[in-house]
Amino acid sequence: MVSQPPLTGLKVVEFAGLAPGPFAGLLLSDAGATVLRIDRPALPRAPPTEDMLTRHKSSAAIDLKSPAGLALARRLCLAADVLIDPFRPGVLEKLGLGPDALLPLNPRLVYARMTGFRRDGRYAAMAGHDINYLAVSGVLSLLGRKGEKPTPPWNILADFAGGGATLFQGVLMALVAREKTGRGQVVEANMVDGASYLATFPRMALKTPLGAYPRGENLLDTGCPYYDTYETKDGKYMAVGALEPQFFALLIKGLGLEGTGWEERRQDRAHWPELRGLFERVFKSRTRQEWEAVFDGTDACCTPVYEYGEMEADMERKEGDQRPAVTLRNTPCLAVRKGATDPSHGQGEGVEGGGYVGFTLAPGQGGEEVLNRWLGWSRGREFDVQKGGLVLKDGKAKL
């Protein structure tokens, strides 16, 4: 029998922002925290925002330019365990919602701040996106094929891995520290440092034979023919990662090339172009499904490259059911796909779309219910609605 998700009871105020902040909030909400996003009010009818990372969250529409709205937001921050600040440095400070203003009044608050560039770096005052953070971190210089320009990998590496996931990790560390000290603290993450940290191994490898060659000519960056992808007869792809000799031997056997001497020549870079051309011709001789029949169940490190569309259509066979990032056997996170059956799938009802469809959260959706759960407040007594936004009623709300 499982218990509640690990972060059940944790109160999180997430100021609406772009992908990294909402992703940190999503990781917290999937782990059971109550995440309340602070949105700008919109009239006459509040349209959804572009944020799709809203699973298990609620929204409070608050006009931070209104004194009564700002007062309500401040009260929420003083009741929260975690605050997520996605803005450029100084934005919340100008509103009186910076850490120097809030931590003395709520000393257990974990004040989590996310920026793209370093706060103390040369680009601190500049706008940027994932590609820019990767560029100045040095990581982008590693990505791409031989003779081609650096290639950004969607916005996975800086925004989500180096940004949101790293901030989430910092929040968890601060919560552990709070258990020891009784006090919260400021957690600062930026996507330049986060992405650079993720690249620790390849950065160090630049000074070793493993990564000392130019971009696209190393063992793990498509320079090696037995660590790459190959097109099949039906226009799909197989992924090959047969680095170790025993795995390479099984790959060669499956490709019908056993006994041709490649087992002995595989590390000779002078022969890599020949081997790559051979692999290209052989893989194109069969469909991906036919190659799956050859390599499934073997240690050849040769697997199909699945596309999300086909994974969604056939979740069981292609391992396409979306699950929590990590399995906690006793306190599973909340399920993504409906029909969760065991801790590896999470617990609870799951969500529509099963992780393949993002749903927006309208400003104000579910916010009043959260205020009631957190503080026992109700509309007309402690707060009211003015011009589409929640406002604090003077002298009525007590923490």
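So, how was this worked out
Residues numbered from 1 in each chain as written. Predicted model: local features only at pLDDT ≥ 70, side-chain atom pairs only at ≥ 80, totals over all residues. Heavy atoms only, no water. UniProt positions renumbered as here; feature names shortened; annotations may be inferred. Helix = DSSP H or I, 4+ residues; strand = E, 2+ residues; numbered from the N terminus. Expected span 1.5 Å × (residues − 1). Buried < 20%, exposed > 50% of the residue type's maximum accessible area, 1.4 Å probe, protein only. Axes fitted to C-alpha atoms, helices over the stretch in contact; angles between N-to-C directions. Parallel < 35°, antiparallel > 145°, perpendicular 65-115°, else oblique. Left-handed = near helix turned anticlockwise from the far one by under 90°. Contact = heavy atoms within 4.5 Å. Nonpolar A, V, L, I, M, F, W, Y, C, P; charged D, E, K, R; others polar. Arc of directions from axis to C-beta.

For the protein, an unreviewed UniProt entry supplies the name CoA-transferase family III and the organism Coniochaeta hoffmannii. Per UniProt, the comment on the protein under Sequence similarities (unreviewed entry) is "Belongs to the CoA-transferase III family."

Peer 1: What is the right way to look at helix 2 (residues 67-79) in this model?
Peer 2: Residues spaced three or four apart along an α-helix point in a common direction, a consequence of the helix completing one turn every 3.6 residues. Compared with the 18 Å implied by 1.5 Å per residue over 13 residues, the 19 Å span of helix 2 between its first and last C-alpha is a close match. Three or more residues of helix 2 are buried, namely Gly 69, Leu 72, Ala 73, Leu 76, Cys 77, Leu 78 and Ala 79.

Peer 1: When you look at the packing of helix 2 against helix 14 (residues 367-375) in this model, what are you seeing that I'm missing?
Peer 2: Helix-helix packing is described using two parameters, namely the angle between the two axes and the distance between the axes. Interhelical geometry of helix 2 versus helix 14 gives an angle of 50 degrees and a closest axis separation of 11 Å. Accordingly, the angle class assigned to the pair helix 2 and helix 14 is oblique. With respect to the hand of their crossing, helix 2 and helix 14 are arranged in left-handed fashion. Side by side, helix 2 and helix 14 meet where Leu 72, Leu 76 and Ala 79 of the first sit next to Leu 371, Trp 374 and Leu 375 of the second. Classifying every residue of the contact of helix 2 with helix 14 by side-chain character gives six nonpolar, no polar and no charged.

Peer 1: Honestly, helix 5 (residues 130-137) in this entry has me stumped. Any pointers?
Peer 2: Looking at helix 5, one finds that the buried residues are Asp 130, Tyr 133, Leu 134 and Ser 137. For helix 5, the arc enclosing every buried residue in end-on projection is 100 degrees, short of the 170-degree limit, so these residues lie on one face. Those residues of helix 5 that are buried are in contact with helix 6 (156-181) and helix 7 (191-198). Directly beyond the C-terminal end of helix 5, a positive phi value near 95 degrees is found at Gly 138.

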